[in-house]
Amino acid sequence: MIKNFFIIIISSFIFISCSNDNDELSGNVGLFYQTTFFDGLSRDYIMYIPNSYEENESLPIVFNLHGGSGTADEHINYVSDMRVLSDSEKFILVYPQASSDSNGIPIWNLGGVNSKATDVDDVGYISHLIDKISEFYSVDKDRVYVTGFSNGGYLSFELACKLSSRIAAFASVAGHMFIDTFDECSPTHPTPFLSINGTEDNYNGIAGYYLPIENSNNYWIDYNNTDLNPNITDLEDVNTSDGSTVQFYSWKNGTNGVEIEHYKVIGGDHSWPSLNSDSDKGKSNGDIDSDRIIWEFFSRFDINGLR
């Protein structure tokens, strides 16, 4: 317990000491806790620059969004730590922090009547971060990707719809497409999409709030003009004690070669599947490695479609 206390204290100190919008980051690699100012607010984010970074090579960005009531620090340390992938696959990794609502709970704002949580412009915030990071590092702006867990997954849909010109592909884990996002969605290019959802996690949606998983998948299937009939594969039950199995759906041959993929976690709940499955929130299914699945999907596409 004492050890954990000091880790928390040290982490907090690092967050404060490194949070400076004017830090000279160019060329530096590693983990950075940063603060930027956007739309009148001070906003925090965690950024990881891979050890393989070189200024003469433009790297893609992966935004990884935490769930509602969570933090970027919790997300990178306990739910989805993609730093090893960042090093081996050469991409810049960003964990933005949501602002807090009137109850002090961190939450992403989607806009719209049914899903609006705050008045904060989180779509604009992510766009701002793309520009901010590009000031210090060589970024491949044709390869900006976004994924998120739960409420972060909700925002990934919103970004694909409202920041389409800057988002090459997106993925949602335990997230849904809200009614307002669906009604106001206006993507500007064929958009690859991957989803991971448990059947015990409101898989059939909630009327008046967000869509059934089948309906949101169908939106992107239709928009991207993929095959209507998916390839379906039952994946190996790697962890037989987790109470769930995974069925994989793939819709191919979309415009510009884009694809839609869906991992249906049968018996799964509100989780971020991981081969290191344990009892922690976000790690109940142990049959698939969500981090690697998401990156390998992203890596096949850029803003123009199949690379």
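These lines cover the structure that appears in this document, whether it is placed above or below. Remember, predicted model here, so these are calculated numbers, not experimental data.

What follows is about the packing of aromatic side chains. For any two aromatic rings, the description comes down to two numbers: the centre-to-centre distance and the angle of the planes. Following the criterion strictly, the structure yields 20 aromatic pairs and no others. Ring geometry for Phe-91 versus Trp-295: centroids 4.3 Å apart, planes at 25°, classification stacked. Highlighted residues: Phe-91 in the loop between helix H3 (83–89) and strand E4 (92–96) and Trp-295 in helix H8 (residues 290–298), separated in sequence by 204 residues. Across this residue pair, the class does not change: Phe-91 and Trp-295 are buried. Measuring from ring centre to ring centre gives 4.6 Å for Phe-248 and Tyr-263, while their planes differ by 35°; the resulting arrangement is tilted. Remark: Tyr-263 occurs in strand E10 (residues 260–266) and Phe-248 occurs in strand E9 (residues 245–251); sequence separation between them is 15 residues.

This structure, assessed with the given rule, holds 1 cavity of 30 Å³ or more. Of the volumes computed, that of the largest cavity is approximately 40 Å³. Residue lining of the largest cavity: Ala-174, Ile-196, Asn-197, Gly-198, Val-265, Gly-268, Asp-269, Ser-271 and Pro-273, and that is the complete set. Counting residues per element, the lining of the largest cavity draws most heavily on strand E7 (residues 193–198), at 3 residues. Residues of the lining of the largest cavity, tallied by class, amount to 4 nonpolar, 4 polar and 1 charged.

Let's shift gears to the state of the cysteines. Under the defined criterion, the tally for this structure stands at 1 disulfide. The disulfide partner of Cys-161 is Cys-185, and the gap between their sulfur atoms is 2.0 Å. A torsion of -85° about the S-S bond marks the disulfide between Cys-161 and Cys-185 as left-handed. You can see Cys-161 sitting in helix H5 (residues 151–162) and its partner Cys-185 sitting in the loop between helix H6 (179–183) and E7, a full 24 residues away along the chain. On the basis of relative accessible area, Cys-161 is assigned to the buried category, the value being 2%. For Cys-185, a relative accessible area of 14% gives the class buried.

Reading the values: the criteria
Residues numbered from 1 in each chain as written. Predicted model: local features only at pLDDT ≥ 70, side-chain atom pairs only at ≥ 80, totals over all residues. Heavy atoms only, no water. Phe/Tyr/Trp six-rings, centres within 6.5 Å; stacked < 30°, edge-to-face > 60°. Helix = DSSP H or I, 4+ residues; strand = E, 2+ residues; numbered from the N terminus. Buried < 20%, exposed > 50% of the residue type's maximum accessible area, 1.4 Å probe, protein only. 1 Å grid on protein atoms, 1.4 Å probe; cavity = no way out; pocket = protein on both sides within 12 Å on 5 of 7 lines; lining within 4 Å. Points joined across faces, edges and corners; volume = space filled by probe spheres on them. Nonpolar A, V, L, I, M, F, W, Y, C, P; charged D, E, K, R; others polar. Disulfide = S-S within 2.5 Å.

Nothing here speaks to function; it is all geometry.
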